[in-house]
Amino acid sequence: MEAFTLLLHGFAVLLTWKTLSLMMVGLVLGVFVGVLPGLGGPNGVAILLPLTFTMDPTSAIVMLSCIYWGALFGGAITSILFNIPGEAWSVATTFDGYPMAQQGKAAEALTAAFTSSFIGSLVAVLLITFLAPSIASFALRFGPPEFFAVYLLTFCSFVGLGREEKQKTIISMTLGLLLAAIGMDTVSGQLRMTFGLDPLLRGVNFLVAVIGLFGISEILLTMEERLALRGHSANINLRVVLRVWKGLPRYWVTLLRSSAIGCWLGITPGGAIAASFMGYNLAKRFSRDPASFGKGRIEGVFAPETAAHASGTSALLPMLALGIPGSGTAAILLGGLLVWGLNPGPLLFADHKDFVWGLIASMYLGNVVGLVLVLTTVPIFASILRVPFSAIAPMIVVSCAIGAYAIQNAMFDVWLMLLFGVVGYVFKKIGIPLAPFTLALVLGNRSEDAFRLSMIGAGGDLRVFWSNSLVGSITTLALLLLIWPVVSSGASRIRQAIAGGTA
Amino acid sequence: MSITVPEPDKEVVVDDPALPSEPSPAVTSTRSVEIAVYLLLLALALVLGFDNWRTGIGWASDGPRPGYLPFYLCVILAGASVYGLGVTLVKKTGATTTFVTRDQLRRVLQMFVPTFLFCVLTQWLGLYVASFLLIAGFMWLVGRIALWKSVITGFVFSLAMFVTFEIAFDVIMPKGPLEAALGF
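All values reported here derive from a predicted model rather than from experimental measurement.

### A short note on the overall build of chain A
Check the secondary structure of chain A and you find 21 helices and 3 strands. Taken over the C-alpha trace, chain A has a radius of gyration of 23 Å; the compact-globule value for 503 residues is 23 Å, and the two agree within 12%. The principal-axis extents of the C-alpha atoms in chain A amount to approximately 70 × 70 × 55 Å. Residues counted as buried form 63% of the 503 residues belonging to chain A. Within chain A, residue pairs in contact and separated by at least 24 positions form 79% of the contacts whose partners lie at least 6 positions apart.

Structure follows, in structure tokens:
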């Protein structure tokens, strides 16, 4: 019950007017960001990060994580009302959400989406509350070899389990790791890959890359697709909410299954997008009436939304406990922690109790307040979409530039952001995933340090990664995951050959 | 607990004022772009790899030298690019899918060129004046919104940014002659 006492302490940290109002600001901004096409959770958080530089870390993380919750809620609004997923993880919500809106049941669909989002996050937050401290205290025993093995596991699981073509994932990841290595080498102090350019001495800033890759490139893509939309408006009243909530217990299996999928994919780097699709598909497969999916079935809204939120929330677990983000947005929050001078990882739980438990408490409170906020203000947010895109687009560009400049007060970063915008645009169009790049860029230095510290400790002997059962099994698992696609495709080929031989 | 802004369950239609929807000819195929990107990545890998080789890729007594890891990352990057290049050339994937049509490219440039000019102007005029020009200009010229609306929106937004960052949050942005004249 230690977690419970600490959680109460966290609420005490949180309950000041200043923090609560920052929380509201964060939620409103987040829903706004989630609703707007061309802006999403990760870039919303990245752009608004500079606002928090002068705050204390706890207020800052509370505001930023509330932007994240808000964006998760907001994505559902446009999916259901306009059939436009505001976020990639809301795509599966459109399958049944939009048909419901067409049938005049928009309010039910929205209530279902918000409620299931809330349930998904709640399950994930409970998981974080009770699991993260134990993982962190276990990880306190980790030395550099163990940490390197965990980083390796993260990278390998991206390559092995990702759905994109393998070479594209590998390219994205190595590119991220290489960019992370630019600048002063932390161990020897030597300069690497700077080519005599002064601004490169500090290295490529992670947040600048993110703002370009996600913010600017998304604006270019949205502009390309042209924005004409047709949809429904909705008004949620208490009667509808109560009706949907009364029907909720009937879907407990779906809700539970989606939460579990979401938590699993959130902790491993699978992400909210995969979770929402998987939640939807499994709900459909296990349904007695799969044909009714896609025609406006409320279960088809519950399943992906629960999974997406559970995943989005639980992605913070490995970030807090191990310093390894489970998603792009978690990676950006981790970038924020570094800016505020906090070192994410197991020591965070020991050294910065206020911060950690304030954050966890804010997850509970943020989701409750967020639920009430979106249920009551849907019409206002839906009407944002009527603002012409040609007014919103330049404002987003300006916000991106402010964000990029503010990080190091350097004009060079603004140009770098523009470059990353073009790179992100091209990469997205030819299917090179950006998530491995983001992860590699933020973890690059830490994993290299871990590797070289282990090497120094072991006198340059690679066998240190198999020196005890813990580090050995993590390293082996990582390598297995890396070659998994080869193994599984080989196995299926053999199976086919056998099947072909007997037929 | 309801706020009635729009009528409930009424259809909402937002039209894009910017124009034609006839099919537009393709500028380039996804395959050509993929090939170009792989070649660029290969070149990048070679350049960075060479630089790291100069830094030292050996194994000193206390572990790898600074260039060691980045060098092998370059090797992996080069390998993956060559592999991707091979796959793209052999399978001819994406030869028929359009990377971008002429109409799309025009629209992307409509966004990119003003953004580029905005960055250039920021260096001379400061961020706030440049942002006013970008927003007002973009709304008026690209969005075809009435000039007075565009100017007011640009002004209000830039002023709001100035108040938020410069005054409330103490985040310093590039400033130009106008701010100097006003005493900031």
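### Describing unusual backbone geometry
In this structure, N409 of chain A takes a positive phi of about 55° despite not being glycine. Looking at the secondary structure, you find N409 of chain A in the loop between helix 18 (389-408) and helix 19 (411-430). Judged by the 11 C-beta atoms lying within 10 Å of it, N409 of chain A falls in the exposed class. In the Ramachandran plot, R144 of chain B falls in the positive-phi region, its phi being about 55° despite a non-glycine side chain. If you trace the backbone, R144 of chain B turns up in the loop between helix 4 (127-142) and helix 5 (147-168).

### Re the domain arrangement of chain B
Frequently, the measure chosen for interface size is the accessible area removed from exposure when the parts meet. Taken as a whole, chain B is organised into domain 1 (26-99) and domain 2 (101-182). Between the C-alpha centres of domain 1 of chain B and domain 2 of chain B the distance comes to 37 Å.

### With respect to the interface of chain B and chain A
Counting residues at the interface gives 74 residues for chain B, matched by 72 residues for chain A. Elements with a minimum of two residues in the side of chain B that touches chain A: strand 1 (11-14), helix 1 (30-55), strand 4 (63-64), helix 2 (68-91), helix 3 (102-125), helix 4 and helix 5 of chain B. Of the residues belonging to the side of chain B that touches chain A, the class tally is 46 nonpolar, 17 polar and 11 charged.

### Re the environment of L159 of chain B
Residues and elements named next belong to chain B. Secondary-structure assignment places L159 in helix 5. Note on L159: 12 C-beta atoms within 10 Å, which makes it exposed. For the pair formed by L159 and V82, sequence separation is 77 residues and the distance between their alpha carbons is 50 Å.

### Overview of helix 4 of chain B
Compared with an ideal rise of 1.5 Å per residue, which puts 16 residues at 22 Å, helix 4 of chain B spans 21 Å between its outermost C-alpha atoms and is within 8% of the ideal. The complete set of buried residues in helix 4 of chain B reads L127, Y128, A130, S131, F132, L134, I135, A136, F138, M139 and V142 of chain B. Looking at the packing, one finds that the buried side of helix 4 of chain B touches helix 18 of chain A together with helix 3, helix 5 and helix 6 (177-182) of chain B. Positive phi shows up at R144 of chain B, right after helix 4 of chain B, with a value of about 55°.

### Considering the packing of helix 18 of chain A against helix 5 of chain B
Packing of helix 18 of chain A against helix 5 of chain B leaves a shortest axis separation of 11 Å and a crossing angle of 25°. Compared by their axis directions, helix 18 of chain A and helix 5 of chain B come out roughly parallel. Relative to helix 5 of chain B, the crossing made by helix 18 of chain A is right-handed. Across the interface between the two elements, A391, M395, V398 and I402 of chain A from helix 18 of chain A touch T153, F157, M161 and F165 of chain B from helix 5 of chain B. Broken down by class, the residue content of the contact of helix 18 of chain A with helix 5 of chain B amounts to 7 nonpolar, 1 polar and no charged.

### Digging into the environment of T5 of chain A
Residue and element names in this part refer to chain A. In this structure, T5 sits in helix 1 (residues 2-14). Residue classification places T5 among the exposed residues on the basis of 10 C-beta atoms within 10 Å. Spatially, the C-alpha atoms of T5 and W357 are 10.0 Å apart, while their sequence positions differ by 352 residues.

### Focus: the environment of S259 of chain A
Residues and elements named next belong to chain A. Within the secondary structure, S259 sits in helix 11 (residues 252-267). When the 27 C-beta atoms within 10 Å are taken as the criterion, S259 is described as buried. Taking C-alpha positions, S259 is 9.3 Å from E305, a pair spaced 46 residues apart along the chain. Residues in contact with S259, not counting those within four places in the same chain, are I119, G120, V123, T306 and A310.

Cut-offs applied
- Residues numbered from 1 in each chain as written.
- Chains lettered and ligands numbered in written order.
- Predicted model: local features only at pLDDT ≥ 70, side-chain atom pairs only at ≥ 80, totals over all residues.
- Helix = DSSP H or I, 4+ residues; strand = E, 2+ residues; numbered from the N terminus.
- Rg over C-alpha atoms; globule rule 2.2 N^0.38 Å.
- Buried ≥ 20, exposed ≤ 12 C-beta atoms within 10 Å, placed from the backbone.
- Contact = placed C-beta atoms within 7 Å.
- Domains from an automatic or database assignment.
- Nonpolar A, V, L, I, M, F, W, Y, C, P; charged D, E, K, R; others polar.
- Expected span 1.5 Å × (residues − 1).
- Axes fitted to C-alpha atoms, helices over the stretch in contact; angles between N-to-C directions.
- Parallel < 35°, antiparallel > 145°, perpendicular 65-115°, else oblique.
- Left-handed = near helix turned anticlockwise from the far one by under 90°.

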